[in-house]
Amino acid sequence: MAGAYLLTEAMLAPMTESFASGYAEKGVIAVENGAIAFAGAAEKMPDQFSSLPRKSLDGRLVTPGLIDCHTHLVYAGSRAKEFEMRLNGASYEEIMRAGGGIFSTVEATRAASDEQLLSGALARIDRMIAEGVTTVEIKSGYGLDRDTELRMLRTARALEQHRPVRVRTTFLGAHAFPKDMTADDYLTDICLPTLEEAASEGLVDAVDGFCETVGFSAAQMERVFEAAQRLDLPVKIHAEQLSDSGGTQLAAKYGALSADHLEYLSDDGVTAMAKADTVAVLLPGAFYALKETQLPPIGKLREAGVPMAVATDSNPGSAPMTSLLLAMNMGANLFGLTPLECLTGVTANAAKALGLNDCGKLKARMRADLAIWDVTDPAELSYRMGDAPLHKRIFGGAEC
Ligand code: DI6
Ligand code: FE
């Protein structure tokens, strides 16, 4: 399939505003020049497309290509030892305070060559592609020095040259600060100058930070957001993951694209997100891996109309996973999201969390990034465990 063509006999999950009317069966998608020219019921298709070559999908489900809107895919090293420590009762914070956690990955990432960083990331992104992912957000944050932060971002961008996938890069220099510095000195001397340099190299799509007792305070995060604003870059935040540190309200004040994790989000945080139209990115894999018991306030987010996305948080410590489908399953089983909310969370709302308006929905003028599934019921995407019923993936109109 290439050029202009029609996919017919498809069950469509358009994920558009009018989607409430349900999945269109006997749907058709017209693809032209790498974009969707029409998606909808066969009888509504304009005549101009009827002469295009056709391929029947025999009733298969078509969704937008999946979007993993929060990952730390570029890193080196393993944290399996810490997993064993946590199984024996040590907490994530204790391990980090003792110099492990993020710091152990920083050490391994600094020591890795560019080739090693790339090959590790390729292996992980291949598993995502095999599950129908077409866009991945990737954060820096395991360098905490100029060179390694820049190398992480360049490696993330280079993935697009090696695989048919779209990458959005997020600068997460404010992930942790080196043991021999204060947080403020790290921001002044290393993090913020590196952000400026990365932005001038065109390596940054958004700016993120870890607002937490073991990370940066809200006041310190504000310094990062002010710098992002000066560079005209949108912001995101890791907030209220381990405690209520008030990062979400601050991020909302800066019009954040998303606030992520949110287990300890307060009512004021929910209200601030609704007002700013900030997406709640839910990361049930990290919740599961850390054996967290505090649930994010899903009911309140839903009631307030805060858009919810679901992502893997793929990283070597708190979410050693690459399966977005498994994150959907956990979103439903652990967080009480409906299967439709899970699917919206990895398509339309994930695009919104990245500030993208050309993907995540099946409608005219969107990129033709599609996932075709061997399922008869869309809920199967959330219901199956460790199983990827992908039939084919289409990226920019091409099957791959
Ligand atoms: N929260 C997370 O879940 C990841 N980063 C963060 O700020 C975990 C990073 C790690 O443990 O390596
Ligand atoms: Fe994260």
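The preceding data block contains the structure.
Not measured: the values here are computed from a predicted model. The numbers attached to residues start from 1 for each chain and follow its sequence in the written order. Labels follow written order: the first chain is A, the first ligand is 1, and so on. Where totals are concerned, whole chains, interfaces and linings use all residues; where local detail is concerned, this predicted model gives features only for residues with pLDDT of at least 70, and gives and counts side-chain atom pairs only at 80 or more. Excluding hydrogens and water, the side-chain figures rest on all heavy atoms present in the structure.

1. A short note on the side chain of Asp260
Secondary structure counts use DSSP, requiring at least four H or I residues in a row for a helix and at least two E residues in a row for a strand, with both numbered from the N terminus. Among the secondary structure elements, Asp260 is positioned in strand 11 (residues 258-261). When accessible area is computed with a 1.4 Å probe and restricted to protein chains, residues below 20% of their type maximum are described as buried, those above 50% as exposed, and intermediate ones as partly exposed. We treat Lys and Arg as the positive residues and Asp and Glu as the negative residues; His and chain ends play no part in the count. Put simply, a salt bridge is a Lys or Arg side-chain nitrogen that is within 4 Å of an Asp or Glu carboxyl oxygen. As a buried residue without a salt bridge, Asp260 has its nearest oppositely charged side chain in Lys139, at a separation of 4.6 Å. Counted as a polar contact is a pair of N or O atoms within 3.5 Å, where, for protein atoms, one must be capable of donating a hydrogen and the other of accepting one, and residues adjacent in sequence contribute only when both atoms are in side chains. Looking at Asp260, its side chain comes within polar contact range of the side chain of Ser258, at 2.7 Å. The contact criterion used throughout is that any non-hydrogen atoms of two residues lie within 4.5 Å. Among residues more than four places away in sequence, those in contact with Asp260 are His70, Ile237, His238, Ala239, Val281 and Leu283.

2. Let's talk about the state of the cysteines
By convention in this document, the label disulfide applies to cysteine sulfur atom pairs within 2.5 Å. Taken as a whole, this structure holds zero disulfides when the rule is applied. You can see Cys211 has no disulfide; the closest cysteine sulfur is in Cys191, sitting 14 Å from it. Assessed through its relative accessible area of 0%, Cys211 is described here as buried.

3. Some thoughts on the site of ligand 1
Near ligand 1 there are 14 residues, and of these Arg79, Tyr92, Tyr142, His175 and Ser318 occur at the shortest range. Contacts to ligand 1 include Arg79, whose side-chain N or O atom sits 2.7 Å from an oxygen atom. Between ligand 1 and Tyr92, the relevant distance is 2.5 Å, taken from an oxygen atom to a side-chain nitrogen or oxygen of the residue. What sets the accessible areas is the Shrake-Rupley method with a 1.4 Å probe; for residues, cover comes only from the shown protein chains. For ligand 1, whose unbound accessible area comes to 320 Å², protein coverage reaches 100%. Residue classes in the shell around ligand 1 are distributed as four nonpolar, eight polar and two charged. One heavy atom suffices: a residue is near a molecule or strand as soon as one of its heavy atoms comes within 4 Å of it. Classification used: nonpolar for Ala, Val, Leu, Ile, Met, Phe, Trp, Tyr, Cys and Pro, charged for Asp, Glu, Lys and Arg, polar for all others including Gly.

4. A word on the coordination of the iron ion (ligand 2)
Under ideal tetrahedral coordination, the four donors around a metal are separated by 109.5 degrees; under ideal octahedral coordination, the six donors are separated by 90 or 180 degrees. Within the first shell, the iron ion (ligand 2) binds the protein through His70 (NE2), His72 (NE2), His238 (NE2) and Asp313 (OD), at distances of 2.1 to 2.2 Å. The sequence pattern describing where the donors of the iron ion (ligand 2) fall on their chain is H-x1-H-x165-H-x74-D. On the criterion of sequence distance, the pair formed by His238 in strand 10 (residues 236-239) and Asp313 in the loop between strand 13 (308-310) and helix 12 (324-333) is long-range, its members being 75 residues apart. For the pair His238 and Asp313, one class covers both residues: buried. Note that water is not among the atoms considered, so a metal site may appear incomplete; the donors listed are N, O and S atoms within 2.8 Å of the metal, with 3.2 Å applied to Na, K and Ca.

5. Focus: the nonpolar core
In this text, buried Ala, Val, Leu, Ile, Met, Phe, Trp, Tyr and Cys residues form a nonpolar core when linked through side-chain atoms within 4.5 Å. Counting residues in each nonpolar core, the largest one holds 97 residues, and the members touching the most others are Val204, Met221, Leu301 and Trp373. If we ignore the near neighbours within four places in the chain, the residues touching Val204 are Leu153, Arg157, Thr169, Phe171, Leu195, Ala198, Ala199 and Leu233. Within the second largest apolar cluster, 15 residues are counted, among which are Ile29, Ala368, Leu370 and Ile372.

6. A look at the pattern of salt bridges
In the structure shown here, the tally under the stated rule is 23 salt bridges. Between Arg146 and Glu197 there is a salt bridge, with its nearest N and O atoms 2.6 Å apart. Residue Arg146 is found in helix 5 (residues 146-162), and its partner Glu197 is found in helix 6 (residues 183-200); the two are separated by 51 residues along the sequence. For the salt bridge of Glu341 with Arg302, the shortest nitrogen-to-oxygen distance reads 2.7 Å. Here Arg302 lies in helix 11 (residues 298-304) and Glu341 lies in helix 13 (residues 339-345), a separation of 39 residues in the sequence. By relative accessible area, Glu341 is classed as buried at 19%.

7. Quick word on the packing of aromatic side chains
To pair, rings of Phe, Tyr and Trp, with the six-membered ring standing in for Trp, must have centres within 6.5 Å; the planes then decide the type, stacked if under 30 degrees apart, edge-to-face if over 60, and tilted in the middle. By the definition in use, this model includes five aromatic pairs. Between Tyr186 and Phe216, the aromatic rings sit 6.3 Å apart at their centres with planes inclined by 35°, giving tilted as the arrangement. Of the two residues, Tyr186 is situated in helix 6 and Phe216 in the loop between strand 9 (206-211) and helix 7 (218-230); the sequence distance between them amounts to 30 residues. A relative accessible area of 0% places Phe216 in the buried class. Aromatic side chains Phe225 and Tyr254 sit 5.6 Å apart centroid to centroid with 55° between the ring planes, which places their arrangement in the tilted category. With Phe225 in helix 7 and Tyr254 in the loop between helix 8 (247-253) and strand 11, this pair connects stretches of sequence that are 29 residues apart.

8. Side note on helix 5
Over its 17 residues, helix 5 runs 25 Å from end to end, which matches the ideal 24 Å to within 8%, given 1.5 Å per residue. Those residues of helix 5 that sit buried are Thr148, Glu149, Leu150, Arg151, Met152, Leu153, Thr155, Ala156, Arg157 and Leu159. Summarising the contacts, the buried residues of helix 5 are in contact with helix 3 (102-111), helix 4 (114-129), strand 7 (133-139), strand 8 (166-174) and helix 6. By this rule the span expected of a helix is its residue count minus one, scaled by 1.5 Å.

9. Examining the sheet that holds strand 6 (residues 66-68)
As summarised here, the arrangement of the eight strands in space is 6-7-8-9-10-11-12-13, forming an open sheet in which the pairing is parallel. Strands at the two margins of the open sheet, each flanked by one partner only, are strand 6 and strand 13. Strand after strand, the sheet turns through a mean of 25° between neighbouring axes, direction not considered. Note on pairing: two strands pair once DSSP finds at least 2 bridges between them. Strand direction decides the pairing type here: strand 9 and strand 10, joined by two bridges, are parallel. By the bridge assignment for strand 10, Phe210 is matched with His238. To define axes, lines are fitted to C-alpha atoms, for helices over the stretch in contact only, and angles between the resulting N-to-C directions are given on a 0 to 180 degree scale. Each of strand 8 and strand 9 is contacted by helix 6, which is oriented at about 165° to strand 8, the strand it contacts most.

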